[in-house]
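Okay, here's what each chain looks like letter by letter:
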Amino acid sequence: TNGSVWPMCVLVTGGSGLVGKAIEHVVQKEGGKHEGEQWIFLSSTDADLVDVGQTRAVFEKYRPTHVIHLAAKVGGLYLHMRENLQFLRDNIKINDNVLQTAHDMGVTKVVSCLSSCIFPDKTTYPIDETMIHNGPPHDSNFGYSHAKRMIDVQNRAYFQQYGHRYTAVIPTNVFGPYDNFNIENGHVLSALINKTYKAKKEGTPVNVCGSGAPRRQFIYSLDVGRLIIWVLREYEEIDPIIVSVGEEDEVSIKEAVDMIAQALDFKGKIQFDTTLSDGQMKKTACNSKLRRYLPDFTFTPLKEAIKMTCDWFMTNYDTART
């Protein structure tokens, strides 16, 4: 290569999490890595990104040309409700440290990962990319949500002031291998997989919190990984892009539980505890912007993705630690 075209060096923060592991799989097993490229997957043991000095040191060590920023301080719903200030401050620090260090060190492009919990609580559906800041997020984890929204604000400011192409993706409910399967504070689908697996082993019913009526758009982590790599290489906008299956693929929690029971061959009873709150009934996101760019992208069918996640869980998950 000539002097001006260096091979890409991609630093992935939060590289050991659900989406980080999916990107790693796509890079190493599906040809997502081009010749001469270097991909570095960071975990919290490599650097505490709340600390600006540690952030700087890890950037100086690897000298990335591109960054995929997935790292965040997260907890279960109840921890978020109790400690909104802590989640707000830690995530503001992480995001500012990563984005500003990227700027200081001449990183060409940053793709950050926002969460669908940033959507306004009171809104019309489906929600699209233009509506993110139209009203406050849900009260339960407003600290985390506002910190995430600020990434979008900061991306626009870097573009205005420096012309940087820093952008963000907003996935809907991601699940897959390496998820948090913890029954108390895991993501809904993965917690239900663990619950159902346990119930099958113990011959007990599965107890689902709430009525089973809330509807969600679930997306398999490997699909998210493939799409983030596409965003890194091809997507030129600063404005974020929603990464999700279509509205027509939204399913109720009840339908999802039935698919899990089928995948795990669970024949027992499924009970819905309607004394417990359902949370938001829906958060329907519009993926038409993604479809404009990628009309032919095929999402892994939910049934198949749930089956693969259940198989991974049974093979890899140490049930002693749940």
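An account of the accompanying structure is given in this report. All values derive from a computational prediction rather than experimental measurement.

Another aspect to go through is helix α1 (residues 18–29). Helix length check: α1, at 12 residues, gives a terminal C-alpha distance of 16 Å against a target of 16 Å (1.5 Å per residue), a fit within 8%. For α1, every residue scored as buried is listed here: Leu-18, Val-19, Gly-20, Ala-22, Ile-23, Glu-24, Val-26 and Val-27. The inward-facing, buried residues of α1 contact β2 (38–41), β3 (66–69), β6 (173–175) and α7 (221–234).

The alternating pattern of β3 places His-66 and Ile-68 and Val-67 and His-69 on opposite faces, both of which are buried. With four bridges joining them, strand β1 (residues 9–13) and β3 adopt parallel strand pairing. Bridge pairing in β3 places Thr-13 opposite His-69. The sheet contact formed by β3 and strand β4 (residues 109–113) spans four bridges and is parallel. By the bridge assignment for β4, His-66 is matched with Lys-109.

Paired through backbone hydrogen bonds, the strands of a sheet run either parallel or antiparallel to each other. Across the sheet, six strands lie side by side as β2-β1-β3-β4-β5-β10; this open sheet has parallel pairing. Strand pairing shows two members of the sheet lacking a second neighbour, β2 and β10 (241–243), which therefore form its edges. The sheet shows a mean angle of 20 degrees between the axes of neighbouring strands, taken without regard to direction. Relative to strand β5 (residues 165–171), β4 is paired through five bridges, and the arrangement is parallel. For Ser-112, the partnering residue across the bridge sits in β5 and is Ala-168. Together, β2 and β3 form the strand contacts of α1, whose direction differs from that of β2 by roughly 155 degrees. Docked against the sheet, helix α4 (residues 84–104) engages β1, β3, β4 and β5, running at close to 170 degrees with respect to β3.

Here the focus is the pattern of salt bridges. Tallying each qualifying case throughout the model produces 15 salt bridges. Linking Glu-237 and Lys-289 is a salt bridge whose minimum nitrogen-to-oxygen distance equals 3.0 Å. Here Glu-237, found in the loop between α7 and β10, pairs with Lys-289, found in helix α9 (residues 288–293); they are 52 residues apart in sequence, far enough to count as distant. Residue classification places Lys-289 among the buried residues on the basis of a relative accessible area of 6%. Salt-bridge contacts for Asp-265 lead to Lys-267; the nearest nitrogen and oxygen are separated by 2.4 Å. One network of salt bridges, in which partners are shared, links Glu-30, Asp-223 and Arg-226.

Here we take up empty space enclosed by the protein. As enumerated under the stated definition, the model contains one cavity of 30 Å³ or more in all. For the largest cavity, the calculated volume is near 50 Å³. If you trace the largest cavity, you find it lined by Ser-116, Phe-119, Thr-172, Asn-173, Arg-215, Arg-216, Gln-217, Glu-250, Lys-283 and Thr-284.

Below, the discussion takes up the packing of aromatic side chains. For the structure on display, the rule yields 12 aromatic pairs. Centroid distance Phe-175 to Tyr-220: 5.9 Å. Interplanar angle 50 degrees. Geometry classified as tilted. Taken together, the residues span a long stretch of sequence, with Phe-175 in strand β6 and Tyr-220 in strand β9 (residues 218–220) at a distance of 45 residues. Phe-175 sits in the buried class, given a relative accessible area of 1%. Seen in terms of ring centroids, Phe-181 and Phe-313 are 4.9 Å apart; in terms of plane orientation they differ by 40 degrees. Their pairing is tilted. Taken together, the residues span a long stretch of sequence, with Phe-181 in the loop between β6 and α6 (188–202) and Phe-313 in helix α10 (residues 302–316) at a distance of 132 residues. The class of Phe-181 is buried, set by a relative accessible area of 0%. Aromatic ring contacts, followed pair by pair, group Tyr-178, Phe-181, Tyr-197, Trp-312 and Phe-313 into a single cluster. Stacked on the ring of Tyr-178, the Lys or Arg Lys-21 has its end atom at 5.1 Å from the ring centre.

Rules used in this analysis
- Residues numbered from 1 in each chain as written.
- Predicted model: local features only at pLDDT ≥ 70, side-chain atom pairs only at ≥ 80, totals over all residues.
- Heavy atoms only, no water.
- Helix = DSSP H or I, 4+ residues; strand = E, 2+ residues; numbered from the N terminus.
- Expected span 1.5 Å × (residues − 1).
- Buried < 20%, exposed > 50% of the residue type's maximum accessible area, 1.4 Å probe, protein only.
- Contact = heavy atoms within 4.5 Å.
- Pairing = 2+ DSSP bridges.
- Axes fitted to C-alpha atoms, helices over the stretch in contact; angles between N-to-C directions.
- Salt bridge = Lys/Arg side-chain N within 4 Å of Asp/Glu carboxyl O.
- 1 Å grid on protein atoms, 1.4 Å probe; cavity = no way out; pocket = protein on both sides within 12 Å on 5 of 7 lines; lining within 4 Å.
- Points joined across faces, edges and corners; volume = space filled by probe spheres on them.
- Phe/Tyr/Trp six-rings, centres within 6.5 Å; stacked < 30°, edge-to-face > 60°.
- Lys NZ or Arg CZ within 6 Å of the ring centre and 35° of its normal.

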